[in-house]
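Here's the letter readout for the chains.
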Protein chains: 4
Amino acid sequence: MNLDFYKSNNINVDLAVEARDIVRGQIGQEIPGVVVDREKYSNTTVTTVKIVEDYAEQIMGKPRGNYITIEAPALRDNSREAHQEVADVLAKKLSSMINLPENANILLVGLGNWQATPDSLGPKVIEHSMVTRHMYNYAPEEIKPGMRSVSAISPGVLGITGIETAEIIKGVVEKIRPELIIVVDALAAGSVDRIATTIQITDTGVSPGSGIGNKRTGINKDTMGVPVIAIGIPTVVNAAIIAQVTLEHFLEQIQNNQALVQLSQNLNPGLMQQAISQVLAPFGGNLTVTPKEIDSLIASTSKTVAGGISMALHPAIGAEEYTMYLN
Amino acid sequence: MNLDFYKSNNINVDLAVEARDIVRGQIGQEIPGVVVDREKYSNTTVTTVKIVEDYAEQIMGKPRGNYITIEAPALRDNSREAHQEVADVLAKKLSSMINLPENANILLVGLGNWQATPDSLGPKVIEHSMVTRHMYNYAPEEIKPGMRSVSAISPGVLGITGIETAEIIKGVVEKIRPELIIVVDALAAGSVDRIATTIQITDTGVSPGSGIGNKRTGINKDTMGVPVIAIGIPTVVNAAIIAQVTLEHFLEQIQNNQALVQLSQNLNPGLMQQAISQVLAPFGGNLTVTPKEIDSLIASTSKTVAGGISMALHPAIGAEEYTMYLN
Amino acid sequence: MNLDFYKSNNINVDLAVEARDIVRGQIGQEIPGVVVDREKYSNTTVTTVKIVEDYAEQIMGKPRGNYITIEAPALRDNSREAHQEVADVLAKKLSSMINLPENANILLVGLGNWQATPDSLGPKVIEHSMVTRHMYNYAPEEIKPGMRSVSAISPGVLGITGIETAEIIKGVVEKIRPELIIVVDALAAGSVDRIATTIQITDTGVSPGSGIGNKRTGINKDTMGVPVIAIGIPTVVNAAIIAQVTLEHFLEQIQNNQALVQLSQNLNPGLMQQAISQVLAPFGGNLTVTPKEIDSLIASTSKTVAGGISMALHPAIGAEEYTMYLN
Amino acid sequence: MNLDFYKSNNINVDLAVEARDIVRGQIGQEIPGVVVDREKYSNTTVTTVKIVEDYAEQIMGKPRGNYITIEAPALRDNSREAHQEVADVLAKKLSSMINLPENANILLVGLGNWQATPDSLGPKVIEHSMVTRHMYNYAPEEIKPGMRSVSAISPGVLGITGIETAEIIKGVVEKIRPELIIVVDALAAGSVDRIATTIQITDTGVSPGSGIGNKRTGINKDTMGVPVIAIGIPTVVNAAIIAQVTLEHFLEQIQNNQALVQLSQNLNPGLMQQAISQVLAPFGGNLTVTPKEIDSLIASTSKTVAGGISMALHPAIGAEEYTMYLN
């Protein structure tokens, strides 16, 4: 699988770690202009991909910046310790990315469609987040040291509002002038084992076309005028990828048949694309693969992400305490 | 009951017809500077109150402008004909108030908290509304003559977003530049028989403090820069009004006891207020009276209001047709 | 206020502590056949009312049995400690009431209408409860010592299903044969300061007509064939009570006017009832008073109740741990 | 693709028309013991498959009985006429299958998980259905000639209740003794072009393992004791089918390469299965493919199905009228 497949199927590579793997596979070496770092925790691996040069930016199709990926297969289990560890790691990594005075204003944005389960991650995280901005005016006695002014919106999707999501956010940003925007979004991955087990944090914001819904405008520092951190979790894999990867696995397995190998090398790559298109035709590229239990996976990971964000934004608030400000 | 009672209990008089009745009762005559007109339909009465002078504006505590009140007790029944008639009357009256070119952009705003049944009217109307603005860019073939560009948001409430509702709306307005804003809101009435039977349409927008949630900023032409029409339906009565009206009815009933009459006339009005405050103390003025079936009343009236709005905005779309654009 | 007022307005007295106060007021002494006990915790007072004799049962209009009332005004604040204490006290009191082998089956039932905020307490508690019954068959490796088999349903209300709630529950009970049923329901109180601050636990189950929805059949050991514990929290006060109590407070306040006192004593009590009926007429007895923030009060107390129940049913599960079995 | 593939992947063939196509492909002729009939309407094709003999029952893996399939690609468009035609055809076909006295009791059951969009079809249909059973007792004046007694439940799924769905339904059935049960369920299809365009009506009820959720017990005349009609609409395709069909299409396309043809005929079929398993491993067979707009497809088709059912059950109620009994 290479990036051409994604492009010809109008599929965005949402995860930088996946874009890196694809490109490394294609060019057969580490990508010049990309710096990678890895840390291990008991349930969690953190990979930081820094895209620092033009070449890397272009070949990976992702803007220059930092991409922190938290991988925790245990997130899919009902393990309180794993979820707590992930929330802690998320808080720590997010804190290292934001560089804000104590009295900064932050706007949280939950992207996606709350009526479609796999796309509802963003609005669910907002539901569990600790919103404080109004207290500064109306209940200052509830504000404690180590808390920041946080507001939150779930702007909906184009098909419901008739308005580009980026326009709604930009409008609100120009009114309330936050120092930082954090957007949360459901992503598409290249492999089902990333569903509900991988969290990406990036200071490059959201690119046009990424996520499950079709964002047509980026949500980033250029369009918003303030830094934008995007936090995303894959909840689906595009069906065309499933089909393509299956074909590739199949062809790999017949590699020890010499005649077939040669023939498959001579195959018109268009044939594979054609097979996939026939199968998925009625909905174009809009078919996604998701596990049946995606509702409970989103219910639990959205709490973990909301907890990590709240700990990062309100450093005085401990893991156990933040729930009492909810609702 | 007079306006002082409302003021001292921080209760807004949302309906102009009620404000007019209260003031007429107080001053014992028709209010100078108010013009009233009445029409009858089979299930529906329409009263138009025009506040045209400063004096009326001040004594009624409501801004100058037009207030159309549709009263239809049959709205509370499961009568399809009554709902259809009300939708038609609403469409006709709303059309007469808007004066827009065919290609105008309109922004619908559903005020209120979708998690609190009696305050969820606005978001529910948005759910049933016909949004078309995005089709002009992405599906122009679905646009027919006699349709207008309509977008829609439900901005939530201060306690959920941390942002004044008016700020969110203003931000969106400055981005998408509609020619008209229509806001829909659940109102508080002075009498339970108005719950789910009265619709008010006004070109004065929304005043600070009106509706069920506590709007702190007005949503009107002054604050938004474009005309704002507000459509509201009472879904609650403030508990203090219930208590006060009960006391007044009680005192009226003992009027034929001469001694009591005299005594009650000498009563310190503070005594009544004190009795009410004691009973309602723990929640201040934030107690509302609502019928148990408010969920189904809102479910049915929100469809009627959404239908009336869609017919007014898209004149080529008939009553039966508009549902096919809904999701 | 006496029990006749409730009867003539078709209002049930859901809380035994309130029934006791009313009857004591009427008869001017402690009720024979009622045993009362009281305990104090830091944020919480627990009152146990035991109705042990026929006379008490009849005069109070409540069946013989134990009624434990947990009163915690701090439940209305966002205090994590208060909520934790209440969950602990609830777990302890509930444990003392159930007397079950370790391998007992328990059925949780969330009564009420999930579409009407003040009536949604029961279904919300079910959402946050730890259901394990299916694991015994399909995932026995997830069952740990100190866990019990728990199943849960939210049967809806008559207007939605067309079926008496008691019939649905009875049908399920006859299939799965639990040793105990725990029903959770939103109650009506006699005073707004009880809303979201009082929890009643009773081994008498649910009486016909109690709660916010109109149960026409009792849900108790007689009708179900197994012990039924009911846990309820007031979320509304009937509007007629607000009106009546306001009148009574008003009349009390004029007590130092000798002439008025005498007159008010001579007043036809029907006059008060008539005043109330006039005001509340359009919806009969179906008007309830509830605070605007009832949605967030139910969101937080439903988690507290679900936590207390889970700790009582699964003694090996600590307060912090039970969340990991949710979803 | 043959039935072995389904069996080895634990996938149920929910649609009889698909089972028939697969078996005909395998045996190369019409299936003995199957009678097929076809009708055409302007937007709709109706295929009736009658399984009348043991042999057909066994080879198709579906119980003897009638399977009516309504195919209407226009259901996926926002066409009011198409939806109205489908509702009419559904009503007509359903009427022909039920043979009930005018005063029969019918229980509607909405299967599936309301928290997972593609599985929420059943509960959504229940929301839009006309429930009348309680009126016979409590509001007989609202009952008109040509209406029947209808009740409705959405029993949830095993993971939420801890109880087999069939047990809950059986419990309710034994209490309210309906003459007929109609269950509505989201199905899995073998091809994405069936999603939201095909409706199956069968008098064989629901087989174990069918639908999106994992029913472990059948819901049919044998288990329930009364006739059960199942109405289903595909909302997903199992991901393994997408992968398999893509491989098959791919191999077909290389048919004109003689050498490859021979080789592919010699291929170990296990290789294809292995390729698929590798790709879908982390979630076993529980991955489904669904279009992004499944939420709005379910919103619109659930109304169409509810309308068709209401017209069939209440013959005196016209298409336009039934909405007024909702809520």
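By convention here, each chain's residues receive numbers from 1 onward along its written sequence. As they are written, the chains are lettered A onward and the ligands numbered 1 onward, keeping that order. This being a predicted model, a pLDDT of at least 70 is required before a residue's local features are given, and a value of 80 or more before pairs of side-chain atoms are given or counted; all residues contribute to the totals for chains, interfaces and linings. Hydrogens and water molecules were not included; the side-chain quantities draw on all heavy atoms of the structure.

All right, on to the relation of the copies chain D and chain A then. Between chain D and chain A, which share one sequence, the superposing operator has a rotation angle of 180° and an axial displacement of 0.0 Å; the RMSD is 0.0 Å. One copy is carried onto the other by what is essentially a two-fold rotation axis. Interface residue correspondence from chain D to chain A reaches 100%, placing this contact among same-surface, isologous pairings. The superposition of copies rests on a least-squares fit of C-alpha positions from residues with pLDDT of 70 or more in both. Two residues qualify as a contact provided that any one of their heavy atoms is within 4.5 Å of a heavy atom in the partner residue.

So, on to the packing of helix α4 (residues 80–97) of chain B against helix α13 (residues 294–313) of chain B. All names here are of chain B. Closest axis-to-axis distance for the α4/α13 pair is 8 Å, and the angle between their directions is 40°. Looking at the two axes, α4 sits oblique to α13. Between α4 and α13 lies a crossing of right-handed hand. Of the residues in α13, those touching α4 at His83, Gln84, Val86, Ala87, Asp88, Leu90, Ala91, Leu94 and Ser95 are Ser300, Thr301, Thr304, Val305, Gly308, Ile309, Met311 and Ala312. All amino acids are sorted into three groups, where Ala, Val, Leu, Ile, Met, Phe, Trp, Tyr, Cys and Pro are nonpolar, Asp, Glu, Lys and Arg are charged, and the leftover types, Gly among them, are polar. The residue makeup of the contact of α4 with α13, split by class, is 9 nonpolar, 7 polar and 1 charged. Fitted lines through C-alpha atoms give the axes, limited to the stretch in contact for helices. The angle between two N-to-C directions lies from 0 to 180 degrees. Note on conventions: DSSP H or I runs of at least 4 residues are helices, E runs of at least 2 residues are strands, and numbering of each starts at the N terminus. If an angle is under 35 degrees, it is roughly parallel; if it is over 145, roughly antiparallel; if it lies from 65 to 115, roughly perpendicular; otherwise it is oblique. Here a crossing is called left-handed whenever its near helix is offset anticlockwise from the far helix by less than a right angle, and right-handed whenever the offset is clockwise.

Our focus in this paragraph is the relation of the copies chain C and chain D. The transformation that overlays chain C on chain D combines an axial shift of 0.0 Å with a rotation of 180°, and the residual RMSD is 0.0 Å. A shared binding surface is used by both copies, with 100% of the interface residues of chain C retained as interface residues in chain D.

Residue and element names in this part refer to chain C. Summarising the element assignment, Val89 is placed in helix α4 (residues 80–97). Summary of the burial criterion: residues with accessible area below 20% of their type's maximum are buried, those above 50% are exposed, and those between are partly exposed, where the area comes from a 1.4 Å probe applied to protein chains only. Of the residues examined, Val89 reaches a relative accessible area of 4% and is grouped as buried. In sequence terms Val89 and Gly33 are 56 residues apart; their C-alpha atoms lie 26 Å from each other. For Val89, the contacting residues outside a window of four places in its chain are Tyr41, Thr44, Val46 and Ile70.

Here the focus is the domain arrangement of chain A. Residue and element names in this part refer to chain A. The assigned domain composition of chain A is domain 1 (3–241 + 284–325) and domain 2 (242–283). Reported domain spans reflect what an automatic or database domain assignment gives. Distance between the C-alpha centres of domain 1 and domain 2: 34 Å. The interface of domain 1 with domain 2 comprises 14 residues on the first partner and 10 residues on the second. Summed over both partners, the interface of domain 1 with domain 2 buries about 870 Å², with 59% contributed by carbon and sulfur atoms. A per-residue breakdown of the area domain 1 buries against domain 2 is headed by Ile241, Gly284 and Leu287, which together make up 44% of the total. Every case where a carboxyl oxygen of Asp or Glu lies within 4 Å of a side-chain nitrogen of Lys or Arg is listed as a salt bridge. Between domain 1 and domain 2 we count 0 salt bridges in total. Accessible-area loss on putting two parts together, using a 1.4 Å probe and summing over both, is the definition of buried area adopted here.

Turning to the packing of helix α8 (residues 165–176) of chain C against helix α8 (residues 165–176) of chain D, a few remarks are in order. Two elements in contact, α8(C) and α8(D), have axes separated by 7 Å at closest approach and are oriented at 120°. With respect to α8(D), the axis of α8(C) lies oblique. Our pair here, α8(C) against α8(D), has a crossing hand that is right-handed. Two secondary-structure elements touch here, α8(C) through C:Glu167, C:Ile168, C:Lys170, C:Gly171, C:Val172, C:Glu174, C:Lys175 and C:Ile176 and α8(D) through D:Glu167, D:Ile168, D:Lys170, D:Gly171, D:Val172, D:Glu174, D:Lys175 and D:Ile176. Class assignment of the residues belonging to the contact of α8(C) with α8(D) gives a composition of 6 nonpolar, 2 polar and 8 charged.

Let us now look at the environment of D:Glu141. Along the chain, D:Glu141 falls in the loop between α6 (135–138) and β5 (149–153). For the pair formed by D:Glu141 and D:Tyr55, sequence separation is 86 residues and the distance between their alpha carbons is 52 Å.

Counting residues at the interface gives 24 residues for chain C, matched by 24 residues for chain D. Summed over both partners, the interface of chain C with chain D comes to about 2100 Å²; 58% of that surface belongs to carbon and sulfur atoms. Ranking the residues of chain C by area buried against chain D places C:Tyr138, C:Ile163 and C:Lys175 at the top, with a combined share of 25%. One can count 4 salt bridges joining chain C with chain D. Between D:Glu174 and C:Lys175 there is a salt bridge whose closest N-O contact spans 3.2 Å. Pairs of N or O atoms are called polar contacts if they sit within 3.5 Å, as long as, within protein, a hydrogen donor faces a hydrogen acceptor (for residues adjacent in sequence, only side-chain-to-side-chain pairs). Summed over the shared surface of chain C and chain D, the number is 8 residue pairs in polar contact (both at pLDDT 80 or more). Contributions of two or more residues to the side of chain C that touches chain D are made by β5 (149–153), α7 (158–161) and α8 of chain C. Of all the elements, α8(C) adds the most residues to the side of chain C that touches chain D, at 8 residues. Class assignment for the residues of the side of chain C that touches chain D results in 11 nonpolar, 6 polar and 7 charged.

Our next topic: the packing of aromatic side chains. For this analysis, a ring pair means two rings from Phe, Tyr or Trp (six-membered ring only for Trp) whose centres lie within 6.5 Å, classed as stacked if their planes differ by under 30 degrees, edge-to-face if by over 60, and tilted for the remaining angles. Evaluated as defined, the whole model comprises 4 aromatic pairs over all chains. Seen in terms of ring centroids, A:Phe5 and A:Tyr6 are 6.2 Å apart; in terms of plane orientation they differ by 85°. Their pairing is edge-to-face. Look at NZ for Lys and CZ for Arg. If either is within 6 Å of the ring centre and within 35 degrees of the ring normal, a charge sits over the ring. A cation over a ring is seen here: C:Arg216 above D:Tyr138, with NZ or CZ 3.8 Å from the ring centre.

The next thing to look at is the interface of chain D and chain A. How big an interface is tends to be stated in terms of accessible area lost as the parts join. Opposite the 46 residues of chain D that make contact, chain A presents 46 residues. Of the roughly 4200 Å² buried between chain D and chain A, counting both surfaces, carbon and sulfur atoms make up 69%. When the area that chain D buries against chain A is broken down by residue, the three leading residues are D:Phe250, D:Phe283 and D:Lys292, summing to 17%. Between chain D and chain A we count 0 salt bridges in total. Applying the counting rule to chain D against chain A returns 11 residue pairs in polar contact (both at pLDDT 80 or more). Looking at the side of chain D that touches chain A, the element that brings in the most residues is helix α10 (residues 239–253) of chain D, giving 10 residues. A per-class count over the side of chain D that touches chain A returns 28 nonpolar, 13 polar and 5 charged.

With 20 residues, α13(B) ought to run about 28 Å at 1.5 Å a step, and its terminal C-alpha atoms sit 28 Å apart, in line with that. Across the 20 residues that make up α13(B), a large majority, 19, are buried. Residue count minus one, scaled by 1.5 Å, sets the expected span of a helix.

Next up on the list: helix α2 (residues 16–27) of chain C. All names here are of chain C. Between the first and last C-alpha of α2 there are 16 Å, a value that for 12 residues agrees with the 16 Å anticipated at 1.5 Å per step. Among the residues making up α2, those that are buried are Ala16, Val17, Glu18, Ala19, Arg20, Ile22 and Val23. Looking one or two residues past α2, Gly28 carries a phi angle of roughly 70°, positive in sign.

Bringing unusual backbone geometry into the picture now. Residue A:Arg177 is not a glycine yet carries a positive backbone phi of 45°. Classification of A:Arg177 as exposed rests on a relative accessible area of 56%. Its identity as a non-glycine residue notwithstanding, D:Asn10 has a phi of 55°, on the positive side. Residue position: D:Asn10 is located in the loop between α1 (3–8) and α2 (16–27).

Right, let's get into the pattern of salt bridges. Charged atoms that come close allow side chains of opposite charge to pair. In total, this model carries 44 salt bridges over all chains according to the counting rule given. Here A:Glu39 makes a salt bridge to A:Lys93, at a shortest N to O gap of 2.6 Å. Placement of the pair is A:Glu39 in strand β1 (residues 34–40) and A:Lys93 in helix α4 (residues 80–97), with a sequence separation of 54 residues. Overall, A:Glu39 belongs to the partly exposed group, its relative accessible area being 23%. The salt bridge partner of C:Glu30 is C:Arg20, with a shortest N-O separation of 2.7 Å. With C:Glu30 in the loop between α2 and β1 (34–40) and C:Arg20 in helix α2, this pair connects stretches of sequence that are 10 residues apart. When salt bridges with common partners are traced through the structure, they connect A:Arg20, A:Asp21, A:Arg24 and A:Glu30 into a single cluster.

Before going further, it helps to examine the pairing of strand β9 (residues 287–291) of chain D. Along any regular strand the residues' side chains alternate between the sheet's two faces. Of all 5 residues in β9(D), 5 are buried; the element is thus mostly enclosed. Note: two strands are recorded as paired if DSSP finds a minimum of 2 bridges between them. By the bridge criterion, 5 bridges tie strand β9 (residues 287–291) of chain A to β9(D) in an arrangement that is antiparallel. Residue A:Thr288 lies in a different strand from β9(D), and its bridge partner there is D:Thr290. Alignment of strand β8 (residues 228–238) of chain D against β9(D), held across 2 bridges, turns out to be antiparallel. Looking at the pairing, D:Asn238 lines up with D:Thr288 of β9(D).

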